[in-house]
Structures are given as structure tokens and as C-alpha cells.
Amino acid sequence: MPLTARSFAPVMLLPLAFGCAAPKYGVLRVSGTPDDALITVDDQYVGKLGRLKRFGVKVPEGEHRLTVEAQGHFPKDALVTIPREGEAKVDVKLDAIPE
């Protein structure tokens, strides 16, 4: 029997049948300096600040720990809440470590 969308229909409905909805996502957009700062969300690297400033990153809804780090700068952590199918914007300016 060839595989068609109809043959997969029961499988795609399993989460709904058991009360487990698919996770909802929002977008995290980070701006600030320096552009080459590394961004992690819940200890997972998601990209450089410059890229997230332009494009953002898709993140599951809810509260997440954001970490921003760059060589020669003090790191910053923040808790951010991602709205369902919305966008959270965070502005981070890292302070340089004095020499």
C-alpha cells in the first residue's frame, strides 16, 4: 500500500487523542552589544547576538534562562518569558572587563 497523507492521519492525531498538545512556540529576539556575543537559552547555544538581533530564534513558550557571553566582557543572565506565538525582545549590553 503506498504511503499517503491519509495513511498518516491516525498517527498525526495521537497527541490530540491522548490530551498531549504539540508544544507552542514564540520568537526570542536579542539586541545589544557586542554583536559577536554568544547566546544560550537553557544552556543550549542558539547563535550570536548579531544574528538573533536580525532574525530571532524560535523557542518553546514559557520561561527560559538566557545567557549572553563575550570574550573580554562580564556575562549576563536573565529570565525571559516567551509568549505563545508571540515575540519576546531583550536588550543586553555587556560591560567590558577592565584591564
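Read on for a plain summary of the structure. (Residues numbered from 1 in each chain as written. Predicted model: local features only at pLDDT ≥ 70, side-chain atom pairs only at ≥ 80, totals over all residues. Heavy atoms only, no water.)

**Quick notes on the pairing of strand E6 (residues 76-82)**
Phase 1 of the analysis: Pairing geometry for strand E5 (residues 62-69) and E6, over 7 bridges, is antiparallel. Looking at the pairing, Val 68 lines up with Lys 76 of E6.
Phase 2 of the analysis: Counting the residues between successive antiparallel strands, the hairpin from E5 to E6 contains 6 residues, one of them, Gly 72, with a positive phi of roughly 80°. (Pairing = 2+ DSSP bridges. Helix = DSSP H or I, 4+ residues; strand = E, 2+ residues; numbered from the N terminus.)

**A short note on the sheet that holds strand E4 (residues 57-60)**
Phase 1 of the analysis: Within the open sheet, the 3 strands sit side by side as E4-E1-E7. Their pairing is mixed. One side of each edge strand has no neighbouring strand; the edge strands of this open sheet are E4 and strand E7 (87-93). The mean inter-strand angle of the sheet, taken between neighbouring strand axes irrespective of direction, is 35°.
Phase 2 of the analysis: Inspection of the sheet shows strand E1 (residues 25-33) paired to E7 by 7 bridges, in the parallel sense. Paired with Thr 33 across the strands is Lys 93, a residue of E7. (Axes fitted to C-alpha atoms, helices over the stretch in contact; angles between N-to-C directions.)

**Looking at the side chain of Thr 40**
Phase 1 of the analysis: Within the secondary structure layout, Thr 40 lies in strand E2 (residues 38-41).
Phase 2 of the analysis: Those residues within four positions of Thr 40 in sequence are excluded, and the remaining contacts are Tyr 45, Val 46, Arg 65, Leu 66 and Thr 67. (Contact = heavy atoms within 4.5 Å.)

**Some details on the nonpolar core**
Phase 1 of the analysis: Leu 28, Val 30, Ile 39, Leu 66, Val 68 and Val 80 are the most contacted members of the largest nonpolar core, which totals 18 residues.
Phase 2 of the analysis: Elements with a contribution of two residues or more to this core: E1, E2, helix H3 (49-54), E4, E5, E6 and E7.
Phase 3 of the analysis: Beyond its immediate sequence surroundings of up to four residues, Val 30 is in contact with Ile 39, Leu 49, Leu 52, Lys 53, Leu 66, Val 90 and Val 92. (Core = buried A, V, L, I, M, F, W, Y, C linked by side-chain atoms within 4.5 Å. Buried < 20%, exposed > 50% of the residue type's maximum accessible area, 1.4 Å probe, protein only.)

**Focus on the pattern of salt bridges**
Any two side chains of opposite charge can pair, on the condition that their charged atoms come close.
Phase 1 of the analysis: Counted under the stated rule, the structure contains 6 salt bridges.
Phase 2 of the analysis: Between Lys 89 and Glu 87 there is a salt bridge, with the nearest N and O atoms lying 3.7 Å from each other.
Phase 3 of the analysis: Accessibility expressed as a relative area gives 67% for Lys 89, which makes it exposed.
Phase 4 of the analysis: Glu 87 sits in the partly exposed class, given a relative accessible area of 35%.
Phase 5 of the analysis: Three or more residues joined by partner-sharing salt bridges are found here, namely Arg 29, Glu 87 and Lys 89. (Salt bridge = Lys/Arg side-chain N within 4 Å of Asp/Glu carboxyl O.)

So far we have only geometry, and geometry alone does not tell us how the molecule works.
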